[in-house]
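# Observations on chain architecture
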Amino acid sequence: MVRFAADGTVEGVEQCERIDSLPQTEYHNGILIPGMTNAHCHLELSFFKGAIPQHAGMVKFIDHVVSKRNDYSHEVQVARAVEEDLSMWREGIQAVGDISNDATSFPAKAKALREGRTRYHTFAEFFGMPADGEAEAFYHRAVDPLLAAAAADGLEITPTQHSTYFMSDKLFRLGADSPLMSIHFMETPAEVDFFDRRGGIYEMVKASAGREPDFLAYGGHAERLVGSLPKGAHLILIHNTQMRRRDMELILNYFEDVTFVLCPRSNYYIDADFPPAQMLYEAGARVALGTDSLSSNTSLSLAEELKWLSAHNPSIPLETLLQWATLGGARALRFDDEIGSFEPGKRPGAVLLSGVDFSSMTLASDARTLRLF
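Described in the following lines is the structure provided in the data block. On a predicted model such as this, the values are computed, not experimentally measured, just so you know.

### Regarding the packing of helix 2 (residues 74-90) against helix 3 (residues 106-114)
- Direction vectors running N to C along helix 2 and helix 3 enclose 40 degrees, while the axes themselves pass 8 Å from each other. Considering the relative orientation of helix 2 and helix 3, their crossing is right-handed. Residues Val78, Ala81, Val82 and Asp85 of helix 2 form the contact with helix 3, whose participating residues are Pro107, Ala108, Lys111 and Ala112.
- Of the residues contributing to the contact of helix 2 with helix 3, the split by class is six nonpolar, no polar and two charged.

### Digging into the sheet that holds strand 4 (residues 36-41)
- Read across the open sheet, the four strands follow the order 4-5-6-7; overall the sheet is parallel. Looking at strand neighbours, the two that pair on one side only are strand 4 and strand 7 (156-161), the edges of this open sheet. Here the strands of the sheet are splayed against their neighbours by 20 degrees on average, with no regard to which way each runs.
- Alignment of strand 5 (residues 93-100) against strand 6 (residues 119-126), held across six bridges, turns out to be parallel. Counterpart to alanine 95 in the pairing with strand 6 is arginine 119.

### Some points on empty space enclosed by the protein
- Tallying each qualifying case throughout the model produces one cavity of 30 Å³ or more.
- The calculated volume of the largest cavity comes to roughly 40 Å³.
- In terms of lining residues, the largest cavity is bounded by Leu180, His234, Leu235, Ile236, Asp257, Thr259, Arg331 and Ala332.
- Looking at the lining of the largest cavity, the elements that each hand over two or more residues are strand 9 (234-239), strand 10 (257-262) and helix 13 (318-332).

Definitions and cut-offs
- Residues numbered from 1 in each chain as written.
- Predicted model: local features only at pLDDT ≥ 70, side-chain atom pairs only at ≥ 80, totals over all residues.
- Heavy atoms only, no water.
- Axes fitted to C-alpha atoms, helices over the stretch in contact; angles between N-to-C directions.
- Helix = DSSP H or I, 4+ residues; strand = E, 2+ residues; numbered from the N terminus.
- Left-handed = near helix turned anticlockwise from the far one by under 90°.
- Contact = heavy atoms within 4.5 Å.
- Nonpolar A, V, L, I, M, F, W, Y, C, P; charged D, E, K, R; others polar.
- Pairing = 2+ DSSP bridges.
- 1 Å grid on protein atoms, 1.4 Å probe; cavity = no way out; pocket = protein on both sides within 12 Å on 5 of 7 lines; lining within 4 Å.
- Points joined across faces, edges and corners; volume = space filled by probe spheres on them.

Limitation: the analysis is restricted to geometry and does not speak to function.
Structure (structure tokens):
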């Protein structure tokens, strides 16, 4: 039994043999969980829902996002972000780690802040292949307007590199002192061949720079992380679909604070691929869950991500998956002093997970989440 104060603060967590005899107690059929954390989202791309074909591969996906983004008015983009923010809240998402390339999603986040709802940490994302002499100015042109706009709205924000492949060496290092980074990592098969100078992403990056990428000497994506960022970096790695065990071990042995975020339905949407959930579970790594964006997913629902992971990773206990969806993400975003678990003094929200087969502790196809408060 969880006892809450009127303002949602947890007052106590207790066991009771005769809970049916307690006054002022609500009863629900399902599992009571704290509000969830969507640790990776691009809320600003919500207007793309249903617009990009599935299984087209990463290169075509990037081309569509870049070339079609201006087909939608600013008003439409802002309105869709507001709608999807409210939808996430109703389904029980308490916090979001959100990528921003512009300020389109800021009105939605500012509204949530004013209304005391979803807590956001925004990542001001930058990427590109500038020459060394141009990198610092390039960095500030990309990041400074976002930092200023976020400050005006009272939003939490930190700069972050986009990935380990679409960043010149100096530009990548300019973000190394960010207090919290969220980096797309080994998301697609095309990244595997990058350091061997092969594949569609390599050709795209080379064409963008007009020259050979200047970071190939690192030899690999994990090696680039270790060679460019300090051990004490607060690091969130997104997707990890193509990450091999030796990559994972190199990262875990070097970084003191790293969380791997899985977005399984997005990986399937783009490349018909699956994240290494079992490998991370067996390694005891810190894991969180995300939805990615509506350009690469059909909804921003963590309940759907949970069902997908549960169906494709039957040996991972439901208890572990629920922890990934709640405390795992809260810790990654450093919100765990307030949300992520039912502990006295926290205000984590309360969410009902229904559609649970308690005999097998698995999720049925109609499992869903609903915010209680």
